[in-house]
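Chain by chain, the residues run as shown.
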Amino acid sequence: MNKKEKLALNGGFPIRDSYLSYGKQSIDDEDIKAVTNILKSDFITTGPAISQFEKEIAEFVGAKYAVAFSSGTAALHAACFAAGIKENNEVITTPMTFAASSNCILYVGGQPVFADIDPKTYNISPESIKSLITEKTKAIITVDFTGQPAEYDEIISLATKHGLIIIDDAAHALGAIYKDKPIGSIGDMTMFSFHPVKHITTGEGGVITTNNEDYFEKLQLFRSHGITRDSSKLKKYHGPWYYEMQELGYNYRMTDIQAALGSSQLKKLSNFLEKRREYAKKYTEAFSEIETLITPYQQDECNSSWHLYIIQLDTARLKTNRSEIFKALQTENIGVNVHYIPVYLHPFYQQIGYKKGLCPNAEKLYEEIITLPLFPAMSEQDLNDVIAGVKKVISYYSIDQR
Ligand SMILES: *Cc1c(COP(=O)(O)O)cnc(C)c1O
């Protein structure tokens, strides 16, 4: 075995000379110009760029309303407020997600209830949701994991039957399609995040889209201290200066600087999506011949937005565990990641009483997955490096090392 074939971690040469991150923004001169234009204008916050961006997002996802926030997490907090989730309410969600999908329930005093995932799609299992609905259940927070839509036909039918609100954490799913419908107005409220690793970025930022006017108004109120100046909504009137704080809101506003960046990025979204889909397809084709590796299963009638590309290792047939393969790929200069640590395994959730073993499918999956780099600014060469790196590492651990 020569140095090139030998794992970097064993003293060989890495597949790549420079480190490739797993996700990254694409910012061009047009984006920079959009931002500098705002900096030179009268409003850098609470100006017209915000409603412009909201209008464009709503249009793109086919929703009536959009409310922009300072982050996706703030947007989820607002959605839980608008949904009226309170103490003594249970909200069912998936553990295979970023902590924010569940933290937002705690912010408003609700109780997260974790439903297990479908081991094939990695999305929340409708069967599991069904088994967890009680008198106290108020809402379901779905996550379109990796960009693949959750199973909405079944989830909506459960929600309708039990009078539950669906909040879709679609941080991964801007541009995803579920049975001819874009993600964005399938749930009662849908959240998109504009963190730099997501499909488009505003630095930090997020949005809720909805078709419901009542939610729309509550979201706007919550974003800005619970304050309204709308004369039709005031309870009293002291004079033209008068405004009222009617709810305990926050300052969760997005700036015009961010919104202008968002509008500029949105123009490129279809190109970004195309690249992600093309790269995902190439990964799947390249890995189809590796028997110890499971490529992402895709549901019929859905079109994923491919936020993440996750490989699942058939660890029983490998001569090592996920951890070793992860380290080997990192040493090959491939920016791998793991999405996600099941939320309730975090020390905070353990401390408030959640127990290991709650969702066996999610816990098993967690031990077997690795996220590979996937973002539109990646070059064809980067993609080929990842493929070569994965093949090198997996084949090394698939053969007998005596
Ligand atoms: C990114 C992400 C969030 C949080 O969004 P921020 O904009 O970073 O606050 C929430 N849920 C999921 C699934 C995410 O991937």
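Residues numbered from 1 in each chain as written. Predicted model: local features only at pLDDT ≥ 70, side-chain atom pairs only at ≥ 80, totals over all residues. Heavy atoms only, no water.

Moving on, we get to the overall build of the protein chain. Scanning the protein chain from terminus to terminus reveals 13 helices and 15 strands. What you see for the protein chain is a C-alpha radius of gyration of 22 Å, in line with the 21 Å of a compact globule of 402 residues. Along the first, second and third principal axes, the C-alpha set of the protein chain runs to 85 × 55 × 40 Å. A buried classification covers 56% of the 402 residues belonging to the protein chain. For the protein chain, the exposed surface amounts to about 17,900 Å²; the carbon and sulfur share of it is 51%. Placing the 42 positive and 49 negative side-chain charges of the protein chain at their respective mean positions leaves the two points 3 Å apart. (Helix = DSSP H or I, 4+ residues; strand = E, 2+ residues; numbered from the N terminus. Rg over C-alpha atoms; globule rule 2.2 N^0.38 Å. Buried < 20%, exposed > 50% of the residue type's maximum accessible area, 1.4 Å probe, protein only. Areas by Shrake-Rupley, 256 points an atom, 1.4 Å probe, with all protein chains shown as cover. Lys, Arg positive; Asp, Glu negative; His and termini not counted. Charge placed at Lys NZ, Arg CZ, Asp CG, Glu CD.)

A few words now on the sheet that holds strand S13 (residues 302-303). Spatial strand order, S7-S6-S13: three strands in an open sheet with antiparallel pairing. Each edge of the sheet is formed by a strand with only one pairing partner; in this case those strands are strand S7 (181-182) and S13. Two elements, strand S6 (residues 177-178) and S13, share two bridges in a ladder whose sense is antiparallel. Note on S13: the bridge partner recorded for Tyr 178 is Cys 302. (Pairing = 2+ DSSP bridges.)

Further remarks concern the packing of aromatic side chains. Applying the stated criterion across every chain, the model contains 19 aromatic pairs. The structure contains a cluster of three or more aromatic residues connected by ring pairs, namely Phe 114, Tyr 344, Phe 348, Tyr 349 and Tyr 354. If you follow Arg 322 out to its NZ or CZ, it ends over the ring of Tyr 366, 5.0 Å from the centre. (Phe/Tyr/Trp six-rings, centres within 6.5 Å; stacked < 30°, edge-to-face > 60°. Lys NZ or Arg CZ within 6 Å of the ring centre and 35° of its normal.)

Now for the domain arrangement of the protein chain. The domain architecture assigned to the protein chain consists of domain 1 (3-24 + 269-397) and domain 2 (29-266). The interface of domain 1 with domain 2 comprises 39 residues on the first partner and 40 residues on the second. Taken together, the two surfaces of domain 1 and domain 2 that pack against each other cover about 3,400 Å², and 63% of this comes from carbon and sulfur. For the domain 1 face of the interface with domain 2, the top three residues by lost area are Leu 269, His 307 and Tyr 340, together amounting to 20%. (Domains from an automatic or database assignment. Contact = heavy atoms within 4.5 Å. Buried area = accessible area lost by both parts, 1.4 Å probe.)

Moving on to the nonpolar core. Judged by nonpolar contacts, the single largest core of 43 residues is most densely connected at Ile 57, Ile 129, Ile 183, Phe 192, Phe 194 and Ile 200. Only helix H2 (48-61), strand S1 (65-69), helix H6 (152-162), helix H8 (256-266) and helix H9 (269-287) provide two or more residues apiece to this core. No other element matches H2, which puts six residues into this core. Mapping this core onto the domain boundaries places at least three of its residues in each of domain 1 (3-24 + 269-397) and domain 2 (29-266). Here Phe 194 is in contact with Phe 53, Ile 57, Leu 174, Ile 200, Thr 201, Thr 202, Gly 203, Glu 204, Gly 205, Gly 206, Val 207 and Met 254, once residues within four sequence places are set aside. With 33 residues, the next largest nonpolar core counts Ala 280, Phe 287, Ile 334 and Met 378 among its residues. (Core = buried A, V, L, I, M, F, W, Y, C linked by side-chain atoms within 4.5 Å.)

Further remarks concern unusual backbone geometry. Between His 339 and Tyr 340 the backbone carries a cis peptide bond, its omega angle lying at 5°. Assignment of secondary structure puts Tyr 340 in the loop between helix H10 (322-331) and helix H11 (347-351). You will see that Thr 146, though not glycine, has its phi angle at about 70°, which is positive. Looking at the secondary structure, you find Thr 146 in the loop between strand S4 (137-143) and H6. Given a relative accessible area of 8%, Thr 146 falls into the buried group. You will see that Lys 179, though not glycine, has its phi angle at about 45°, which is positive. Along the chain, Lys 179 turns up in the loop between S6 and S7. Residue Lys 179 is classed as partly exposed on the basis of its relative accessible area, which comes to 32%.

Taken together, 15 residues are adjacent to the ligand, and Gly 72, Thr 73, Asp 169, Ser 193 and Lys 198 come closest. The contact in question runs from an oxygen atom of the ligand to an N or O atom on the backbone of Gly 72, over 2.8 Å. For the ligand, an oxygen atom lies 3.3 Å from a polar atom in the side chain of Tyr 340. Taken by itself the ligand offers 380 Å² of open surface, and the protein chains cover 93% of this. Looking at the shell around the ligand residue by residue, the class counts come to five nonpolar, eight polar and two charged. (Near = heavy atom within 4 Å. Polar contact = N/O pair within 3.5 Å; in protein donor to acceptor, adjacent residues only side chain to side chain. Nonpolar A, V, L, I, M, F, W, Y, C, P; charged D, E, K, R; others polar.)

This part covers the packing of H9 against helix H13 (residues 380-398). Close contact between H9 and H13 brings their axes to 11 Å; oriented N to C, the two are set at 30°. Comparing the axis directions of H9 and H13 gives the class roughly parallel. You can see that H9 and H13 cross each other, and the crossing is right-handed. Counted together, Glu 278, Tyr 279, Lys 282, Tyr 283, Ala 286 and Phe 287 of H9 and Glu 380, Leu 383, Val 386, Ile 387, Val 390 and Lys 391 of H13 form the full contact between these two elements. By residue class, the composition of the contact of H9 with H13 is eight nonpolar, no polar and four charged. (Axes fitted to C-alpha atoms, helices over the stretch in contact; angles between N-to-C directions. Parallel < 35°, antiparallel > 145°, perpendicular 65-115°, else oblique. Left-handed = near helix turned anticlockwise from the far one by under 90°.)

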